[in-house]
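Below are the chains, spelled out letter by letter.
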Amino acid sequence: MDNGMRFKKKKRTTLYAGIVTAVVLIAALAGLRYLQAEKDAAQNRETETQQTEHTILMYKTSDGVVEFDAAWMKTDSDTETVLSVEENTLVTMLVTPEDGKLLESVDVVDYQFNKIDSFLRDAENGATRVNFVMPDMDIIMNFNFRNEETESEAETERETGTEPETETEGMPYGLALHGLTPDIITSYNGQFDDRYFLQQLGDALHMDSARSDYRDVTDVTISQEPYEGEQEADKIYHYIYFNNDAERKILSTYYMKDNAYVFTEPEEPETETETQAAAAGSTATENTQTSGTPSYGGTTAGNTQTTETTSFDVLQVSTVFLAFTGDESGERFYQELFNYVLEKKAGGNIVGTFGTYSISPEDEKAEFMVTLNVGGTIQGSFDKKKNVFEFSGL
């Protein structure tokens, strides 16, 4: 059974009225010439239209219904719908969320992922009208929804000033968030989104991986403990802990400019013994077991004497790209990319930023690049027909 987005086709009927009046036999020849000229003109207009039409690729979701002009339909499948629209046409679509859902945003981009300006307006019965002018290029549309309950609860909590708590059901990784006070929300300058925060947290700690030390986490609490380390003006710092265990905490750093989180183990103060050992010039030898930063689900490499730990995060992965690969959660993409990093025997805390990428619907292939904080890049491709990722670089 297809659970994809349902598209209602709005039929438009155009009436053409033609009156042919035959008065005398002499006029017949002129009439035939006129009709032939009209036929030629119509063929020319059709050719011009075909030359200036471009496609709209829309990925399906079960969270809402999209209505559009049925004349635009080109192809339709279980996962995507392709429309064909003449450039400079005012495209109008009506998006109606399913019960319990809200339309959060609509992405309209070209195949180089440059944003196309679009306008959203409220319509009747909870629907949203989406308008944009069809550009002189093929484009991609992606519709993003969220749970209506989460939005209404957040509004109630803002009005009452009570501590917001998210419900586990429907939240990323099944997590519940506690400790979110009005002061904390204010510190984010209106940019805090509980779902996005939990999604980034679960992704960074690989909570759905059997190898993750955080697989058992169900509750996340934002601590009231102030962060007293070095701070930068464009970052926001908060400690968080898990399953009501204040000793099991990590530091959350929010990069306002990039709208991204980084999660790290808090630095522990040196003990007196460690300080004395450092002063005496004590160093680890090849026969001493050493370890690096916790890997958040990564693996270790080396022999019994030396252990090198790899942690890997990838930020700003495009939802449009993930939808094209059929991996909307990003779990498979992340895992295969992480495995490639391990194959290259890269060690340390590695953070990648998903950057330039392109999609070719005709070839059913995508190419992308991930820039690494340790220097270098990973180039990758995805073959939709073979359902295969390939990586190079590093």
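The sections below set out a description of the structure shown in this document. (Residues numbered from 1 in each chain as written. Predicted model: local features only at pLDDT ≥ 70, side-chain atom pairs only at ≥ 80, totals over all residues. Heavy atoms only, no water.)

**Brief notes about the overall build of the chain**
Cut-off, in case you're wondering: Note on conventions: DSSP H or I runs of at least 4 residues are helices, E runs of at least 2 residues are strands, and numbering of each starts at the N terminus. The rule is simple: take the accessible area with a 1.4 Å probe, protein chains only, and divide by the maximum for that residue type; under 20% is buried, over 50% is exposed, in between is partly exposed. Here, residues are in contact when the closest pair of their heavy atoms is within 4.5 Å.
Per the secondary structure count, the chain includes 7 helices and 21 strands. For the chain, the proportion of its 394 residues judged to be buried stands at 38%. Considering only contacts within the chain whose residues lie at least 6 apart along the sequence, 58% involve residues at least 24 apart.

**Focus: the packing of aromatic side chains**
Our working rule: The pairing test for Phe, Tyr and Trp rings, Trp by its six-membered ring, is centres within 6.5 Å, and the orientation test on the planes gives stacked under 30 degrees, edge-to-face over 60, and tilted for anything in between. By definition here, charges over rings are those cases where NZ of Lys or CZ of Arg is within 6 Å of the ring centre and within 35 degrees of the ring normal.
Applying the stated criterion across every chain yields a total of 27 aromatic pairs. Geometrically, the ring pair formed by F324 and F382 is edge-to-face, given 6.3 Å between the ring centres and 80° between the ring planes. One end of the pair, F324, is in helix α6 (residues 319–325); the other, F382, is in strand β20 (residues 377–383), and 58 residues separate them in sequence. Assigned by exposure class, F324 and F382 land together as buried. Chaining the aromatic ring pairs together yields one cluster made of F321, F324, F333, Y340, F354, Y357, F368, F382, F389 and F391. The ring of Y239 has K249 lying over it, and the distance from NZ or CZ to the ring centre is 4.4 Å.

**Considering the pattern of salt bridges**
This is how it is decided: Just to be clear on terms, a salt bridge is a Lys or Arg side-chain nitrogen sitting within 4 Å of an Asp or Glu carboxyl oxygen.
All told, the structure shown has 10 salt bridges when counted by the stated rule. Between D76 and K60 there is a salt bridge, and its shortest N-O distance comes to 3.0 Å. With D76 in strand β4 (residues 73–76) and K60 in the loop between β2 (53–59) and β3 (64–69), the pair connects residues that are 16 residues apart, well separated along the chain. Taking relative accessible area as the criterion, D76 reaches 48% and is therefore assigned partly exposed. Owing to a relative accessible area of 11%, K60 belongs among the buried residues under this scheme. We note a salt bridge from D216 to R248, for which the minimum N-O separation is 2.9 Å. Residue D216 is located in the loop between α4 (194–205) and β12 (219–222), and its partner R248 is located in strand β14 (residues 245–255); the two are separated by 32 residues in the primary sequence. Residue class for D216 comes out partly exposed when judged on its relative accessible area of 44%.

**Brief notes about the sheet that holds β12**
Quick note on the threshold: A strand pair is defined by DSSP finding two or more bridges across the two strands. To obtain an axis, a line is fitted to C-alpha atoms, over the contacting stretch when the element is a helix, and the angle between two such axes runs from 0 to 180 degrees between their N-to-C directions.
Here we have 5 strands laid out as an open sheet, ordered β11-β12-β13-β14-β15, and mixed in their pairing. Each end of this open sheet is capped by a strand with a single partner; those strands are β11 (176–178) and β15 (260–264). Pairs of neighbouring strands in the sheet enclose a mean axial angle of 30°, with direction left out of account. Taken together, the 5 bridges between β14 and β15 define a ladder with antiparallel strand orientation. Paired with Y254 across the strands is Y261, a residue of β15. Against the sheet, α4 touches β11, β12, β13 (235–242), β14 and β15, its axis set at about 45° to β15.

**A few points about the nonpolar core**
Where a protein is soluble and globular, its nonpolar side chains tend to be buried together. For clarity, the cut-off: For our purposes a nonpolar core is just a set of buried Ala, Val, Leu, Ile, Met, Phe, Trp, Tyr and Cys residues, chained together by side-chain atoms within 4.5 Å. Where each domain starts and ends follows an automatic or database-derived domain assignment.
In terms of nonpolar packing, the biggest core is built from 33 residues, with F312, F321 and F368 touching the most fellow members. Those elements giving two or more residues to this core turn out to be β2, β17 (307–315), α6, α7 (331–343), β18 (348–360), β19 (365–372), β20 and β21 (388–393). With 6 residues, the top contributor of residues to this core is α7. Domain assignment of the residues forming this core places at least three in each of domain 1 (53–146) and domain 3 (311–392). With sequence-adjacent residues up to four places away left out, F368 is seen in contact with F321, F333, F354, T356, Y357, I378, Q379, G380, S381, F389 and F391. Counting 24 residues, the second largest nonpolar core, distinct from the first, contains L177, Y188, F192 and V220.

**Quick word on the side chain of H206**
Spelled out, the test is: N or O atoms within 3.5 Å of each other form a polar contact, as long as, within protein, one can give a hydrogen and the other can take it, and as long as residues adjacent in sequence are counted only when both atoms are side-chain atoms.
Along the chain, H206 turns up in the loop between α4 and β12. Judged by its relative accessible area of 5%, H206 falls in the buried class. Separated by 2.3 Å, the side chains of H206 and Y334 make a polar contact.

**A look at α7**
This is how it is decided: Any helix carries an expected span of 1.5 Å times its number of residues minus one.
The first and last C-alpha atoms of α7 sit 18 Å apart over 13 residues, in line with the 18 Å expected at 1.5 Å per residue. Taken residue by residue, α7 has F333, Y334, Q335, L337, F338, Y340 and V341 as its buried positions. Just past α7, the residue K345 takes up positive phi, approximately 60°.

**Overview of the environment of T52**
Tracing the chain through its elements places T52 in helix α1 (residues 26–52). Exposure remark for T52: the relative accessible area of 22% places this residue in the partly exposed category. With 34 residues separating them along the chain, T52 and E86 place their C-alpha atoms 5.6 Å apart.

**Notes on unusual backbone geometry**
Positive phi outside glycine occurs at N125, with the angle close to 60°. The residue N125 is located in the loop between β8 (119–122) and β9 (128–133) in this model. For N125, a relative accessible area of 76% gives the class exposed.

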